[in-house]
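Coordinate analysis (summary)
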Amino acid sequence: MNSQDHFSWTSRHVVLPRGPATREDSPSSGLVMDCRPIPERPDLRLLVYHDETDDSDYDAVAIGKTEGASDIPVIATPEECLLVAAARSDTGPAIVLAAPSGDDIGRRVREVTGQILRGGPLLCLLLCTGALSVLLPLHSSASDTH
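Please read these numbers as outputs of a predicted model, since none were measured by experiment.

1. So, the nonpolar core
Counting residues in hydrophobic clusters, the biggest one holds 27 residues, and the most contacted among them are L16, I95, L97, I116, L125, L126 and V134. Broken down by secondary-structure element, the contributors of at least two residues to this core are β3 (44-51), β4 (56-63), β5 (72-78), β6 (94-99), α2 (105-118), α3 (121-128) and β7 (133-137). Among the elements that take part in this core, α3 stands out by supplying seven residues, more than any other. Other than its neighbours up to four places away in sequence, I95 contacts A60, V61, T66, I72, P73, V74, I75, L126, T129, A131 and V134.

2. Here's the deal with the confidence of the model for the protein chain
The predicted coordinates should not be examined in detail at positions where pLDDT is low. Per-chain confidence: the protein chain averages 81 in pLDDT, with 81% of residues scoring 70 or above. In this model, residues 1-5 is a region of pLDDT below 50 whose contacts with residues beyond four sequence positions or in other chains number 14 contacts. The low-confidence segment residues 141-146, where pLDDT is below 50, has 13 contacts with residues more than four positions distant or belonging to other chains.

3. Things to note about the pattern of salt bridges
With the rule as written, the count across this model stands at two salt bridges. Of the charged contacts in the structure, one is a salt bridge between R45 and D34, with a shortest N-O distance of 2.8 Å. Separated by eleven residues along the polypeptide, R45 in strand β3 and D34 in strand β2 (residues 31-35) bring together distant segments of the chain.

4. Quick look at the pairing of β6
Burial analysis of β6 places six of its six residues in the buried class, which makes it a mostly covered element. Burial of β6 is two-sided: the residues A94, V96 and A98 facing one way and the residues I95, L97 and A99 facing the other way are all buried. Note: β4 against β6, four bridges, orientation antiparallel. Each residue of the ladder has a partner; that of A60, found in β6, is L97. Summarising the sheet, β5 and β6 pair through five bridges and their orientation is parallel. What sits directly across from I75, in β6, is V96. Remark: the β5/helix α1 (residues 82-88)/β6 crossover connection has right-handed handedness.

How each quantity is defined
- Residues numbered from 1 in each chain as written.
- Predicted model: local features only at pLDDT ≥ 70, side-chain atom pairs only at ≥ 80, totals over all residues.
- Heavy atoms only, no water.
- Core = buried A, V, L, I, M, F, W, Y, C linked by side-chain atoms within 4.5 Å.
- Buried < 20%, exposed > 50% of the residue type's maximum accessible area, 1.4 Å probe, protein only.
- Helix = DSSP H or I, 4+ residues; strand = E, 2+ residues; numbered from the N terminus.
- Contact = heavy atoms within 4.5 Å.
- pLDDT = per-residue confidence, 0-100.
- Salt bridge = Lys/Arg side-chain N within 4 Å of Asp/Glu carboxyl O.
- Pairing = 2+ DSSP bridges.
- Right-handed = clockwise from strand over helix to strand, strands pointing away.

Encoded structure:
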């Protein structure tokens, strides 16, 4: 993966790999759901990726056109707030990821960033959105209240 030298006060620019990620086969091989959960918002896609290594599911909502797009902001939010955070978003394309659970929002954001940079299941999930590059938060841009 190519994490370029673009940093800002709030985000890190990461160019996503175009070939298979570090997981087996192609990243979409673990994609178990790709649907539009809110009929009134056809611009929202719910994606669920199942990772065989740790037998866990990872969830994200792609907002707007992410296929072939660059610099898509990634928003980390608690899993129970995933659809609510995505439905409230009225900005351009974005990807809302269900962050690992826990009380420390900073730790959750660091875990998301680490998995994406190291080639974990969250990277595979991002690849399923078709984005070319993302902007990873250096802190949470979602509310920490549930």
